[in-house]
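Read off the chains here:
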Amino acid sequence: MSLSRADAIARLREMMRIRRFEEKCAELYSAGKIRGFLHLYIGEEAVAAGAMPVLNEEDAVVATYREHGHALARGIPAGRIMAEMFGRREGCSKGRGGSMHLFDVSRRFYGGNAIVGGGLPIAAGLALADKLNARKRVTACFFGEGAVAEGEFHETLNLAALWKLPVLFLCENNLYAMGTALWRSESDTDLCTKAASYNLAAASVDGMDVEAVEQAVSEAVATIRRLGVPYFLELRTYRFRAHSMFDPELYRDKKEVEKWKQQCPIEKFRDRLNARGELDLAGFQAIEEE
């Protein structure tokens, strides 16, 4: 899938905006201005930037504790999100939630959930309410691959398939659930197989490619709207920073991290647009300045 030039540049700008926001959060946290837990989305920007434009305003979004990128892409103003980081009343959760509990009912953004897998049952409930009220909506539920080891994952996928709920399950597989590699916790690391066992349509996508993400999400959402059934997408991605700002990151090799950084979604997409003649270096630098 090739986006139009305008849409492609918009996706690149969104990824860059998320990256710069997260870098500023890291800077402020290191300066002691932001407290508590802080989980950065650096490296995973293509998922939120590619998935969110497919959804309508009436659709619901449920996210994890690593949700700054989702919130920004959903349209929550950066100022309100940053105010929430500072615990200020101007924050999107009135300063009571902080980094892990961003919330905006006006945009149908229902967290920010600090419990691993905690958003999955919420997504099922939102979708069930829409179905019972005959509303043609989709609930998009983001979660990490660590949630696959939780009971909520299996219970929710089972009910979603059984009750034919319009949920799009978006598994951001960054390979490390906190500090545990996927292969250390799962006897079968094929996540689509797990979803298919509950009779869900499932597909695996390059989560470092914003166009691939948008195409896969578009196809999944179209299927959900047409048939009213759940859909599972595994988005193969990678976080470039530690699990949280507290994490000493002793569980993965630095060479592995550097290898994944060569797949940076921003740089990769910038180079693709340049090769297609849609954005030159000056245009990229202009977005940087913006």
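The structure under discussion appears in the preceding block.
Attention here is on the structure that accompanies the text. (Residues numbered from 1 in each chain as written. Predicted model: local features only at pLDDT ≥ 70, side-chain atom pairs only at ≥ 80, totals over all residues. Heavy atoms only, no water.)

With respect to helix α1 (residues 5-30)
An α-helical segment advances 3.6 residues per turn. Residues three or four places apart therefore align on the same side.
Point 1. When the terminal C-alpha atoms of α1 are compared, their 38 Å separation across 26 residues agrees well with the 38 Å that a helix rising 1.5 Å per residue should span.
Point 2. Immediately downstream of α1, the backbone of G32 shows phi near 80°, a positive value. (Helix = DSSP H or I, 4+ residues; strand = E, 2+ residues; numbered from the N terminus. Expected span 1.5 Å × (residues − 1).)

Details of the sheet that holds strand β3 (residues 167-173)
Each strand in a sheet pairs with its neighbour through backbone hydrogen bonds, running either in the same direction (parallel) or in the opposite one (antiparallel).
Point 1. With parallel pairing, five strands are arranged side by side in an open sheet as β1-β2-β3-β7-β6. Only two strands of the sheet have a single neighbouring strand rather than two, namely β1 (60-62) and β6 (201-206). Neighbour to neighbour, the strand axes of the sheet diverge by 20° on average, direction disregarded.
Point 2. Looking at chain direction, β3 and strand β7 (residues 231-236) are connected through six bridges and run parallel. Counterpart to N173 in the pairing with β7 is R236.
Point 3. In the packing of helix α5 (residues 119-132) onto the sheet, contacts are made with β1, β2 (139-144) and β3, and the angle to β2 comes to roughly 170°. (Pairing = 2+ DSSP bridges. Axes fitted to C-alpha atoms, helices over the stretch in contact; angles between N-to-C directions. Contact = heavy atoms within 4.5 Å.)

Quick look at the packing of α5 against helix α6 (residues 151-163)
Point 1. Remark: α5 packs on α6, axes separated minimally by 9 Å, with the N-to-C direction vectors making an angle of 15°. With respect to α6, the axis of α5 lies roughly parallel. Two packed elements cross with a definite hand, and for α5 against α6 that hand is left-handed. Residue-level inspection shows L120, P121, A124, L128 and K131 of α5 in contact with α6, the latter providing E152, F153, T156 and W163.
Point 2. Looking at side-chain class alone, the contact of α5 with α6 contains six nonpolar, one polar and two charged residues. (Parallel < 35°, antiparallel > 145°, perpendicular 65-115°, else oblique. Left-handed = near helix turned anticlockwise from the far one by under 90°. Nonpolar A, V, L, I, M, F, W, Y, C, P; charged D, E, K, R; others polar.)

Considering the layout of surface pockets
Point 1. Put simply, the largest pocket is a space of about 420 Å³.
Point 2. Together, 34 residues line the largest pocket, and Y65, V116, G144, G146 and A147 are the ones closest to its centre.
Point 3. At the level of secondary structure, the elements contributing two or more residues to the lining of the largest pocket comprise α5, β2, β4 (176-177) and α7 (182-185).
Point 4. When residues of the lining of the largest pocket are assigned to their parent elements, the largest contribution, four residues, is made by β2.
Point 5. Along the lines of polarity and charge, the residues of the lining of the largest pocket split into 16 nonpolar, twelve polar and six charged.
Point 6. Taken as a whole, the second largest pocket encloses approximately 190 Å³ of empty space.
Point 7. As for the second largest pocket, its lining consists of 13 residues, of which K131, R135, K136, P166 and G228 are closest to the centre.
Point 8. Every element with two or more residues in the lining of the second largest pocket is listed here: α5 and α9 (210-227).
Point 9. Among the elements that line the lining of the second largest pocket, the one with the most residues is α9, at three residues. (1 Å grid on protein atoms, 1.4 Å probe; cavity = no way out; pocket = protein on both sides within 12 Å on 5 of 7 lines; lining within 4 Å. Points joined across faces, edges and corners; volume = space filled by probe spheres on them.)

With respect to unusual backbone geometry
Point 1. That bond from G111 to G112 is cis: its omega, 20°, falls within 30 degrees of zero.
Point 2. Along the chain, the position of G112 falls in the loop between α4 (78-85) and α5.
Point 3. Residues other than glycine seldom take positive phi values, yet L175 does so here, at roughly 80°.
Point 4. You can see L175 is positioned in the loop between β3 and β4.

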